[in-house]
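A look at the structure
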Amino acid sequence: MNVSQIKEGALVSYGTSGVCRVGGLRRMRVSDAMPEKLYFELRPARDGGQSVFVPADSERLCAKMRRVMTKEEVDALLDSVAGTSPVWEEDKRAREDKFHRILASGVSAELVLTVCALYLKKQELAGKRRRLSSNDDRVLKAAERLIEDEIAFAADISPSEVPAYIRGRIGTDT
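Here we summarise the structure given alongside this text. What you see is a predicted model, and the numbers here were worked out from it, not measured in a lab.

Notes on the nonpolar core
Residues Val74, Leu78, Leu111, Val112, Ile147, Ile151 and Ile166 are the most contacted members of the largest nonpolar core, which totals 31 residues. No other element matches helix α5 (residues 134-155), which puts nine residues into this core. If near-sequence neighbours (up to four positions away) are discounted, isoleucine 147 is found in contact with Val107, Leu111, Val112, Val115, Ala152, Val162 and Ile166.

Here it is in structure tokens:
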């Protein structure tokens, strides 16, 4: 997202913080050793928790901000996933790297498929009286939260209605 496009009050999606409202620009000094500079203040929309501050002069970090999808874009994303079987990566290290990359990219078809794969693996393990690894479980929760945030805002529904909305669009039990 271009820095000039970021307006106070706008809703943006920012990394794993999910949907945030732009609170505006604030001039701050992070430490005594650093000069004062401008930061975007992002307030997570889901909870009134801590604000996230993004240096306005950091192209890399500002690029992680993107506008929240529209309902039409969400529906197109979910339609693109329908009928696609999620693939489970057996290699733990490769799976962690892949999940980290997918989470950092925000809501995407890959993220939806990741949740489907994790959910199916969780069901399979439950049948064997086992659980997901703590890392896989953490990824599942973070991915679900990102998806719920963005789809709830886009479709104007509550986050608790999002799983049913997704199932209705992609026609699966995940």
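Back to the write-up after that little detour.
What about the sheet that holds strand β1 (residues 11-14)?
Sheet architecture is open: five strands sit in the order β4-β3-β2-β1-β5, paired in antiparallel fashion. In this open sheet, the two edge strands, each paired with only one partner strand, are β4 (52-55) and β5 (65-67). Ignoring which end each strand starts from, the neighbouring axes of this sheet average 45 degrees apart. α5 rests against β1, β2 (18-28) and β5 of the sheet, and its axis sits at about 95 degrees to β2.

Thoughts on unusual backbone geometry
Apart from glycine, the bulk of residues carry a negative phi angle, and the bulk of peptide bonds sit in the trans form. Its identity as a non-glycine residue notwithstanding, arginine 129 has a phi of 60 degrees, on the positive side. Positionally, arginine 129 belongs in the loop between α4 (109-127) and α5. The exposure class assigned to arginine 129 is exposed, which follows from its relative accessible area of 80%. Even without being glycine, aspartate 156 reaches a positive phi, approximately 55 degrees. Along the chain, the position of aspartate 156 falls in the loop between α5 and α6 (162-170). Taking relative accessible area as the criterion, aspartate 156 reaches 71% and is therefore assigned exposed.

Observations concerning the pairing of β2
Sheet analysis places β1 next to β2, joined by four bridges and oriented antiparallel. When the sheet's bridge partners are listed, valine 12 is paired in β2 with cysteine 20. Between β1 and the antiparallel strand that follows it, β2, lie three residues; glycine 15 among them carries a positive phi value of about 45 degrees. Two elements, β2 and strand β3 (residues 37-44), share eight bridges in a ladder whose sense is antiparallel. Looking at β3, one finds that cysteine 20 is bridged to proline 44.

Describing the state of the cysteines
Considering all chains together, one arrives at zero disulfides under this definition. Left without a disulfide partner, cysteine 62 is nearest to the cysteine sulfur of cysteine 20, which lies 13 Å away.

Quick look at a negative patch on the surface
Together, Glu89, Glu90, Asp91 and Asp97 make up a negatively charged patch on the protein surface. Looking at the secondary structure, you find glutamate 90 in the loop between α2 (71-81) and α3 (92-104). With a relative accessible area of 60%, glutamate 90 lands in the exposed category.

Rules used throughout
- Residues numbered from 1 in each chain as written.
- Predicted model: local features only at pLDDT ≥ 70, side-chain atom pairs only at ≥ 80, totals over all residues.
- Heavy atoms only, no water.
- Core = buried A, V, L, I, M, F, W, Y, C linked by side-chain atoms within 4.5 Å.
- Buried < 20%, exposed > 50% of the residue type's maximum accessible area, 1.4 Å probe, protein only.
- Helix = DSSP H or I, 4+ residues; strand = E, 2+ residues; numbered from the N terminus.
- Contact = heavy atoms within 4.5 Å.
- Pairing = 2+ DSSP bridges.
- Axes fitted to C-alpha atoms, helices over the stretch in contact; angles between N-to-C directions.
- Disulfide = S-S within 2.5 Å.
- Patch = residues over 30% accessible without salt bridge, like charges linked within 9 Å, V, L, I, M, F, W, Y side chains within 5 Å.
- Areas by Shrake-Rupley, 256 points an atom, 1.4 Å probe, with all protein chains shown as cover.
- Salt bridge = Lys/Arg side-chain N within 4 Å of Asp/Glu carboxyl O.
- Lys, Arg positive; Asp, Glu negative; His and termini not counted.
- Charge placed at Lys NZ, Arg CZ, Asp CG, Glu CD.

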